[in-house]
Amino acid sequence: MQNIPSEKVYRECFTANDFINTDYSSQESRIIAEKSGDQNMIDFFVKGNETFGSDLHSFTATKMYRVLRDEPDLVVSKKTHPEERNNAKALGFKLVYGGSAFTLKDDFGVDIDVAEKFIEAYLDAFPGLRSFFSRQKKNALRNGYVDIDRTGRRWYCPFMDEMNDAKEKASSYYPEEYRSWDSQTKQEFKDELKKNHPELKDLWSTYFTLRGKLERAALNYAIQGAAGSMSKQAGILIRRYLLDNPIGVQTNIVHDETCAESEQAEILAPIIKQCMEDAGKLICDHITMTAEPVISLTWQH
């Protein structure tokens, strides 16, 4: 079910007499705002926005392109600037999951300098993200694990020893005074190393490949892992209610959505909504998670 495309033509193949579709509103974006502590994102979700309503991607694109184009009065919307909005949406999620200028240049069809400007404009719009990214990566490299949520759930890096071992072996080729040398002396020394010790390249390659993998996981697991915890907790709360209040229902959780079929849909829909929003409190203190049920004949989200 998790792999069914989200386009309407596919989702409408799933039918029921009383289909309750309840999904979180901007689940991962709200978790990012909560965990990063970025005030611009927090204010958007807590205080609302008169211009953009609940459209975070138009809000983000406006902030980005005002910087990129030096147009302080620019306002991006889904209708007026769809390409800019989609760029901001894609960039935001790719960055949070470890994307770099090198990977983004191909996604946007631009050279690496332009990709770097995109990234800098995005991080300038949400400065709290920059420090959050740095903090997550440093903690993962130091601890060898990623904290996911407040239950103590963690992801432990399975290749930590291999990564550290590669770094230690590669570093052993350099004398203690290496860092104090001038750039020319360093370069001459590295040229000699490259000539005499071709195995060093593989050691550094192994280290930086695994380090990049860990740094991406430090962001990915903190966000998607927390979202998964939230959805699972929602399922637990719904199950507990049904054990105390027997109602004929079939349910399934797909990503950030609870799908249910019941002849008592009107009674059950607000219960599912409440359970999902209560589950949000497991992850978020400052941001309220909202979930809106829709009763229909087909799968809506």
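Structure first, text after, so check above.
Thresholds, definitions, all that
- Residues numbered from 1 in each chain as written.
- Predicted model: local features only at pLDDT ≥ 70, side-chain atom pairs only at ≥ 80, totals over all residues.
- Heavy atoms only, no water.
- Phe/Tyr/Trp six-rings, centres within 6.5 Å; stacked < 30°, edge-to-face > 60°.
- Buried < 20%, exposed > 50% of the residue type's maximum accessible area, 1.4 Å probe, protein only.
- Helix = DSSP H or I, 4+ residues; strand = E, 2+ residues; numbered from the N terminus.
- Lys NZ or Arg CZ within 6 Å of the ring centre and 35° of its normal.
- Pairing = 2+ DSSP bridges.
- Expected span 1.5 Å × (residues − 1).
- Bend = angle between axes of the 7 residues up to and from the residue.
- Arc of directions from axis to C-beta.
- Contact = heavy atoms within 4.5 Å.
- Polar contact = N/O pair within 3.5 Å; in protein donor to acceptor, adjacent residues only side chain to side chain.
- 1 Å grid on protein atoms, 1.4 Å probe; cavity = no way out; pocket = protein on both sides within 12 Å on 5 of 7 lines; lining within 4 Å.
- Points joined across faces, edges and corners; volume = space filled by probe spheres on them.
- Nonpolar A, V, L, I, M, F, W, Y, C, P; charged D, E, K, R; others polar.
- Axes fitted to C-alpha atoms, helices over the stretch in contact; angles between N-to-C directions.
- Parallel < 35°, antiparallel > 145°, perpendicular 65-115°, else oblique.

Per the stated rule, a full pass over the model turns up 17 aromatic pairs. Measuring from centroid to centroid gives 5.8 Å for Phe52 and Phe59, while their planes differ by 70°, and the two rings are edge-to-face. With respect to burial, Phe52 and Phe59 carry one shared label: buried. On the basis of an interplanar angle of 55° and a centroid distance of 6.0 Å, the ring pair of Tyr174 and Phe189 is categorised as tilted. Here Phe189 lies in helix α10 (residues 183–196) and Tyr174 lies in the loop between α9 (160–171) and α10, a separation of 15 residues in the sequence. Take Phe189: its relative accessible area is 22%, and that puts it in the partly exposed class. Here the guanidinium or amino end of Arg11 rests over the ring plane of Trp299, the centre of that ring lying 3.8 Å away. Between the NZ or CZ atom of Lys186 and the centre of the ring of Tyr178, over which it lies, the distance is 5.4 Å.

Here five bridges tie strand β4 (residues 250–254) to strand β5 (residues 257–261), and the two strands are oriented antiparallel to one another. Residue Gln250 lies in a different strand from β5, and its bridge partner there is Glu261.

For the rest of this paragraph, the subject is the pairing of β5. The buried count for β5 comes to four of five residues, which makes it a mostly enclosed element. Two elements, strand β1 (residues 15–24) and β5, share five bridges in a ladder whose sense is antiparallel. Its bridge partner being in β5, Thr22 is matched across the sheet by Thr258. In sequence, β4 turns back onto β5 through a hairpin of two residues, with His255 there showing a positive phi of about 55°.

For the rest of this paragraph, the subject is helix α11 (residues 199–244). Here α11 spans 64 Å end to end across 46 residues, near enough to the 68 Å set by a 1.5 Å rise per residue. Most pronounced at Tyr221, the bend in α11 amounts to some 30°.

Further remarks concern helix α3 (residues 39–47). Within α3 the residues assigned to the buried category are Met41, Ile42, Phe44 and Phe45. The buried residues of α3 all sit within an arc of 160° when viewed along its axis, so they share a single face. Its buried side turned inward, α3 meets α2 (27–36), α4 (56–68) and α8 (127–143). Among the residues of α3, the N-terminal cap falls to Asp38, whose side-chain oxygen and the backbone nitrogen of Asn40 are separated by 3.1 Å.

Looking now at empty space enclosed by the protein. Counting across every chain of the model gives one cavity of 30 Å³ or more. Quantified by volume, the largest cavity comes out at close to 110 Å³. Contributing to the lining of the largest cavity are 13 residues, with Ser29, Leu56, His57, Gly92 and Tyr122 lying nearest its centre. Elements with a contribution of two residues or more to the lining of the largest cavity: α2, α4 and α5 (82–96). Broken down by element, the residue count for the lining of the largest cavity peaks at five residues, all from α5. Its residues assigned to classes, the lining of the largest cavity shows eight nonpolar, four polar and one charged.

Interhelical geometry of helix α6 (residues 101–108) versus helix α7 (residues 112–125) gives an angle of 105° and a closest axis separation of 8 Å. When the axis of α6 is compared with that of α7, the two are roughly perpendicular. Between α6 and α7, the contacting residues are Ala101, Phe102, Leu104 and Lys105 on the first element and Ile112, Ala115, Glu116 and Ile119 on the second. For the contact of α6 with α7, the residue count by class is six nonpolar, no polar and two charged.

All right, on to the layout of surface pockets then. The computed volume of the largest pocket comes to approximately 870 Å³. Looking at the largest pocket, it is lined by 26 residues, and the ones nearest its centre are Gln27, Glu28, Phe93, His255 and Asp256. Within the residue set of the lining of the largest pocket, elements represented by two or more residues are β1, α2, α5, α11 and β4. The greatest single-element share of the lining of the largest pocket, amounting to five residues, is contributed by α11. Among the residues making up the lining of the largest pocket, the classes are represented as five nonpolar, twelve polar and nine charged.

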